[in-house]
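# Per-entry structural report
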Amino acid sequence: MPTPPETSPAPVTVAHIKDEAELMQALAIREVVFIEEQHVPEGIERDAEDAHAYHVIAYQGGHAIGTGRLVKLPEPPAGQTGTWGQIGRMAVLQAHRKARVGSLLLTSLEEEARRRNVNGIMLHAQLYALDFYKKHGYQPVGAVFDEAGIDHLEMHKRL
């Protein structure tokens, strides 16, 4: 019997969220990852920043599999100068982790930050994700802190 041809996974694409339907898909991903998996209270996970943030969504084979957002900070973090943004709400569905989806989301958000003349990015990294962010040039700043019951470190990267 002939063996079936090997099928490689569909490519992952990252796009700017353009309408409410896409935003609902992103919020659904965040609900699965943060609220269901990590037990973050819903009232903390969603916030006023969602209304004016720049959101991206990752698709594979027509399915939404990851999301993240960029918010412009009103002032730079302590000890920094220029215009800074904060990347956050980075979430990838469990079945798609380890497939570079997070890297594609992060790169896309950084590219948008550069288009907006942002000089640096600040983010709050969960401790298990420190090495991921370090590989992308982020440096830890300060001490571990609790956010939504999960240990985080603030991280910075100049663009």
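Here the structure is a predicted model, which is why all the values come from computation and not from measurement. (Residues numbered from 1 in each chain as written. Predicted model: local features only at pLDDT ≥ 70, side-chain atom pairs only at ≥ 80, totals over all residues. Heavy atoms only, no water.)

### Some remarks on the overall build of the protein
- If you tally the helices and strands in the protein, you get four helices and seven strands.
- Order of helices (α) and strands (β) in the protein, N terminus to C terminus: β-α-α-β-β-β-α-β-α-β-β.
- Here the protein has a C-alpha radius of gyration of 17 Å; the compact-globule value for 159 residues is 15 Å, and the two agree.
- The principal-axis extent of the C-alpha atoms belonging to the protein is close to 65 × 30 × 30 Å.
- Burial analysis of the protein (159 residues in total) assigns 42% to the buried set.
- Counting only contacts in the protein whose residues sit at least 6 apart along the sequence, the fraction spanning at least 24 positions is 63%.
- For the protein, the accessible area works out to roughly 9100 Å², and carbon and sulfur atoms hold 54% of it.
- Averaging the positions of the 16 positive and the 21 negative side-chain charges in the protein gives two centres separated by 8 Å. (Helix = DSSP H or I, 4+ residues; strand = E, 2+ residues; numbered from the N terminus. Rg over C-alpha atoms; globule rule 2.2 N^0.38 Å. Buried < 20%, exposed > 50% of the residue type's maximum accessible area, 1.4 Å probe, protein only. Contact = heavy atoms within 4.5 Å. Areas by Shrake-Rupley, 256 points an atom, 1.4 Å probe, with all protein chains shown as cover. Lys, Arg positive; Asp, Glu negative; His and termini not counted. Charge placed at Lys NZ, Arg CZ, Asp CG, Glu CD.)

### Side note on the UniProt feature "domain: N-acetyltransferase" (unreviewed entry) in the protein
- The residues that UniProt annotates with the feature "domain: N-acetyltransferase" (unreviewed entry) are residues 12–159.
- Counting secondary structure, residues 12–159 comes out at 29% helix and 38% strand; the distance between its end C-alpha atoms is 25 Å. (UniProt positions renumbered as here; feature names shortened; annotations may be inferred.)

### Here we look at the sheet that holds strand S1 (residues 12–16)
- An order of S1-S2-S3-S4-S5-S7-S6 is seen for the seven strands of this open sheet, with the pairing classed as mixed. The two strands at the open ends of the sheet, each matched to only one other strand, are S1 and strand S6 (139–147). Adjacent strand axes in the sheet meet at a mean angle of 25° when their direction is disregarded.
- The sheet contacts of helix H3 (residues 101–115) involve S1, strand S2 (54–60), strand S3 (63–72), strand S4 (84–92), strand S5 (120–126) and strand S7 (150–158), and relative to S4 the element is tilted by about 155°. (Pairing = 2+ DSSP bridges. Axes fitted to C-alpha atoms, helices over the stretch in contact; angles between N-to-C directions.)

### With respect to the nonpolar core
- Judged by nonpolar contacts, the single largest core of 23 residues is most densely connected at Ile87, Tyr133 and Tyr138.
- If you list the elements that add at least two residues to this core, you get S2, S3, S4, H3, S5, helix H4 (130–135) and S7.
- Here this core takes five residues from H3, the largest share from any one element.
- Residues in contact with Tyr138, not counting those within four places in the same chain, are Ile87, Leu106, Glu110, Ile121, Leu123, Tyr133, Met155, His156 and Lys157.
- Counting residues in each nonpolar core, the second largest holds eleven residues, with Ile17, Phe34, Ala64 and Ile150 among its members. (Core = buried A, V, L, I, M, F, W, Y, C linked by side-chain atoms within 4.5 Å.)

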